[in-house]
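Chain by chain, the residues:
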Amino acid sequence: MKKHMTILVIMIGALLVLVGLITLGCAGTTAPTAPPPAAEAAAPTSPPAEAPTVTTTVPELAGDPVRGGLLYDEWWGVIEADEPTTDQPLWQTQTTNTRAGADTWRCKECHGWDYKGVDGAYGSGSHMTGFPGIYAAKDKPAAELLAILRGSTNPDHDFSKVMGEQDLADLALFMSQAQLDDTELVNTDKTVKGDAAAGKSQYEKVCINCHGPEGNAINFASIEEPEFVGHLAADNPWEFIHKVRFGQPGWPMPSAITNEWTQQDVANSLAYAQSLPTEPMVSGGGLLYDKWWAVIGADEPTTDQPLWQTQTTNTLTGADTWRCKECHGWDYKGVDGAYGSGSHMTGFKGVLSAASMSAEELTAWLTGQKNPDHDFSKVMGEAYLKALVTFMQQETMDVSAHINADKTVNGDPARGKIKFNGTCAACHGLDGQKINFGDASEPEYVGTIAADNPWEFFHKVSFGHPGEPMPAGRALGWSPEDIANILAFAQTLPTK
Ligand code: HEC
Ligand code: HEC
Ligand code: HEC
Ligand code: HEC
């Protein structure tokens, strides 16, 4: 969580600067003379200076309406607060929505993604509360909206106990300046008044870098029931519109408002996203192979895996002994690969040749039928074992053509840099140092992993990082050569 916050703080900083720039650019003139590069993303068909929802009049409150939109989504993810555990006091005044705890504190849960509350999409279904919307409140002065958030109309609607002055101001500015009438973009049956072909070019300029050509490089839910961009666009177009306009709380997902997309650009991207497939591109087994309990939300094992006692060379204990990678290697070659020597050596074989085994045989290995001490069915359900089988059959590969035994890489750093800057830099920084995987005394960055363990790097960039929404390179449509190029570039980044 702390790392999310590091990203977040930097992101907010960047957003504030951007919003400041845009406001400056718009203040005196009709159009900014030098729009940021992202402005070029506007589709040629859209009228130039639309985006009427963010007015450029001098606000009576100073703040950031885009940040306000993020707070509306999930305020504690933005301000580094703990998730609430009790119900919001107003929650007990309704009975139809049976959620409890943190969800009851999200503005969107009571007022809707479409800002229309009971008069909109939350007028029926499991999210229905009967509470009013906030869309009409856009015409109230921001100062009055601020007072409402401090409980002026109802003491149970006081958010000043959980959020600071600036947070409430940003929320008020969001409500008065950045709300949008979704009915102009989406019909009640969830079809969109947008042009999917135009939306494709918007998508490919921005979204493709993290979500991939098919929208399935980041899984928002689970391996058992994956959720991708295509799912959300079809199921909840109002949420899609909000998230695309404001971003994702806690993650550096760009805001369409900051990028100066018009409303029509947003609708077009939604129309295109609704055409994306909802099938996964990779099985998710690569994440399980890395650290299965972080993926399935299980407790970390505390004992040693039973087979561990059959070796003595690797002196790790506990959870580590349960990771497939610890026994079979990041290069899938076990004792015949990088773990053939050094502190990780166990002498256990690899799983690369397992690709030629049948699904039945591989399942038999994972359920202990081949060796009772190699039974993972006690800790993982069927869907996960199936993902591991698919991973071993179809997704493992011999990386020796790309990574040499001395850890040097056969790749083109110049090409790798382009992909790194387009995808990785948003979260890891241009120098790979925005997230520290180690600690203050022994920092570990993208550059450190690339230099010390190129096989681990190759695996993680291909399949993602367990429990985090890091995109899977394979689902970004990247070839092994592309990943080797990124690795070659990452080896030029600072390691400490
Ligand atoms: C637990 C449900 C709940 C949550 C969470 C909630 N509200 Fe409300 N809100 C209400 C209810 C109910 C009203 C109706 C009037 C009242 O009782 O104050 C209301 C009224 C309002 C109004 C006045 C609308 C008008 O037209 O006068 C605004 C503005 C508002 N809320 C904004 C927010 C914002 C911003 C958040 C997030 C910080 C938020 N609300 C969170 C339930 C909620
Ligand atoms: C810098 C990387 C990045 C870019 C670029 C990006 N996103 Fe995201 N997006 C994310 C991350 C990270 C999440 C959070 C996933 C999570 O929390 O599981 C996310 C979440 C989402 C969600 C919400 C998922 C949910 O259920 O909460 C949608 C929808 C979405 N993105 C669509 C888009 C679209 C459309 C674009 C282009 C306009 C885009 N994203 C651009 C990284 C990105
Ligand atoms: C504690 C070490 C350890 C862990 C953790 C471990 N394995 Fe194994 N694995 C072994 C050993 C040792 C063998 C050989 C056992 C034997 O011959 O009876 C083996 C055999 C296999 C085989 C058969 C390979 C062949 O060529 O015959 C597969 C497939 C396999 N493991 C996959 C996995 C997967 C997937 C995971 C993670 C869920 C995993 N293993 C976790 C130690 C481990
Ligand atoms: C949406 C944000 C996001 C994007 C985009 C992203 N990552 Fe990550 N990455 C993370 C997070 C979060 C972690 C986990 C950090 C931790 O555990 O401390 C991580 C972990 C890693 C790790 C492993 C660290 C370890 O603990 O071993 C590597 C290596 C890495 N990322 C490289 C990359 C590269 C290269 C790219 C581009 C191809 C990339 N990441 C794109 C968020 C992202």
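Residues numbered from 1 in each chain as written. Chains lettered and ligands numbered in written order. Predicted model: local features only at pLDDT ≥ 70, side-chain atom pairs only at ≥ 80, totals over all residues.

Engineer: What is the right way to read the overall build of the protein chain from this model?
Structural biologist: Broken down by element type, the protein chain carries 18 helices and zero strands. A burial count over the protein chain gives 44% of its 496 residues as buried. Considering only contacts within the protein chain whose residues lie at least 6 apart along the sequence, 67% involve residues at least 24 apart. (Helix = DSSP H or I, 4+ residues; strand = E, 2+ residues; numbered from the N terminus. Buried ≥ 20, exposed ≤ 12 C-beta atoms within 10 Å, placed from the backbone. Contact = placed C-beta atoms within 7 Å.)

Engineer: Whenever I open this one, the site of ligand 1 confuses me. Can you help?
Structural biologist: Taken together, 24 residues surround ligand 1, and among them Gln-88, Cys-107, Cys-110, Ala-137 and Asn-154 come closest. Of the residues forming the shell around ligand 1, the biggest block, four residues, is contributed by helix α3 (residues 107–111). Tallied by class, residues from the shell around ligand 1 come to 17 nonpolar, six polar and one charged. (Near = placed C-beta within 6 Å. Nonpolar A, V, L, I, M, F, W, Y, C, P; charged D, E, K, R; others polar.)

Engineer: It is not clear to me how the packing of helix α13 (residues 359–366) against helix α14 (residues 382–395) should be interpreted in this structure. Could you clarify?
Structural biologist: In contact at an axis separation of 10 Å, α13 and α14 are set at 125° when each is read in the N-to-C sense. By the angle between their directions, the pair α13 and α14 is classed as oblique. When you trace α13 past α14, the crossing you get is right-handed. Packed against α13, whose contacting residues are Ala-359, Leu-362, Thr-363 and Leu-366, the element α14 presents Leu-385, Leu-388, Val-389, Met-392 and Gln-393 at the interface. Considered class by class, the residues forming the contact of α13 with α14 number seven nonpolar, two polar and no charged. (Axes fitted to C-alpha atoms, helices over the stretch in contact; angles between N-to-C directions. Parallel < 35°, antiparallel > 145°, perpendicular 65-115°, else oblique. Left-handed = near helix turned anticlockwise from the far one by under 90°.)

Engineer: Quick question: what am I supposed to make of the site of ligand 2 here?
Structural biologist: The environment of ligand 2 is formed by 21 residues, the closest being Cys-207, Cys-210, Met-253, Ala-426 and Pro-469. Breaking the shell around ligand 2 down by element, the ones donating at least two residues are α7 (208–211), α8 (229–235), α9 (237–246) and α10 (263–273). Tallied by class, the residues present in the shell around ligand 2 amount to 16 nonpolar, four polar and one charged.

Engineer: Help me understand the packing of helix α2 (residues 65–79) against helix α5 (residues 165–177), please; the structure alone is not making it clear to me.
Structural biologist: For any two helices packed against each other, one specifies the crossing angle of their axes together with the interaxial distance. Relative to each other, α2 and α5 sit at 135°, their axes nearing to 6 Å. With respect to α5, the axis of α2 lies oblique. The two elements α2 and α5 cross, and the hand of that crossing is left-handed. Residue-level inspection shows Pro-65, Arg-67, Gly-68, Gly-69, Leu-71, Tyr-72, Trp-75 and Ile-79 of α2 in contact with α5, the latter providing Asp-167, Asp-170, Leu-171, Leu-173, Phe-174 and Gln-177.

Engineer: So what exactly am I meant to see when it comes to the environment of Ala-217 here?
Structural biologist: In this fold, Ala-217 is placed in the loop between α7 and α8. By C-beta crowding, Ala-217 is classed as buried, having 29 other C-beta atoms within 10 Å. Expressed as a C-alpha distance, the spacing of Ala-217 and Gly-477, which sit 260 residues apart in the sequence, is 8.8 Å. If we skip the residues at most four places from it in the chain, Ala-217 touches Cys-210, His-211, Gly-212, Pro-471, Ala-472, Ala-475 and Leu-476.

Engineer: Looking at this model, I keep getting lost on the environment of Ala-383. Mind explaining?
Structural biologist: Structurally, the position occupied by Ala-383 is in helix α14. Overall, the presence of 13 C-beta atoms within 10 Å leaves Ala-383 in the partly exposed class. Note: C-alpha distance between Ala-383 and Gly-285 (98 residues apart in sequence) is 9.8 Å. Leave out the neighbours within four places in its chain, and Ala-383 touches Ile-223 and Glu-224.

Engineer: When you look at helix α15 (residues 413–428) in this model, what are you seeing that I'm missing?
Structural biologist: Taking 1.5 Å of rise per residue, the 16 residues of α15 would be expected to cover 22 Å, yet its terminal C-alpha atoms sit only 17 Å apart, more than 12% below that figure. Along its length, α15 reaches its greatest deviation from straightness, about 50°, at Asn-421. Those residues of α15 not exposed but buried are Gly-416, Lys-419, Phe-420, Thr-423, Cys-424, Cys-427 and His-428. (Expected span 1.5 Å × (residues − 1). Bend = angle between axes of the 7 residues up to and from the residue.)

Engineer: Looking at this structure, how should I read α5?
Structural biologist: Here α5 is 13 residues long and its end C-alpha atoms lie 18 Å apart, about the 18 Å a rise of 1.5 Å per residue gives. The element α5 is extensively covered by neighbouring structure, given that 11 of its 13 residues are classed as buried. Within the span of α5, buried status applies to Asp-167, Leu-168, Ala-169, Asp-170, Leu-171, Ala-172, Leu-173, Phe-174, Met-175, Ser-176 and Gln-177.

Engineer: Explain the nonpolar core to me, please; I cannot follow it from the model alone.
Structural biologist: Side chains that are nonpolar tend, in soluble globular proteins, to be buried together. Of all hydrophobic cores here, the largest spans 107 residues; its most connected members are Ala-172, Leu-270, Leu-388, Leu-487 and Ala-490. Once residues lying within four places of it in the same chain are set aside, the contact partners of Ala-172 are Leu-61, Ala-142, Leu-145, Leu-146 and Leu-149. (Core = buried A, V, L, I, M, F, W, Y, C linked by C-beta atoms within 7 Å.)

Engineer: Where do I start with the environment of Leu-388 in this structure?
Structural biologist: Its place among the elements puts Leu-388 in helix α14. Linking Leu-388 and Gly-286, residues 102 residues apart in sequence, is a C-alpha distance of 7.1 Å. Residue contacts for Leu-388: discarding those within four places in its chain leaves Gly-285, Leu-288, Tyr-289 and Leu-366.

Engineer: Explain unusual backbone geometry to me, please; I cannot follow it from the model alone.
Structural biologist: A negative phi angle characterises most non-glycine residues, just as the trans form characterises most peptide bonds. One non-glycine residue with positive phi stands out, namely Tyr-115, at about 70°. When you line up the elements, Tyr-115 lands in the loop between α3 and α4 (142–149). Classification of Tyr-115 as buried rests on a count of 25 C-beta atoms within 10 Å. Positive phi values are uncommon outside glycine, yet Lys-407 reaches one of about 75°.

Geometry only, nothing functional implied.
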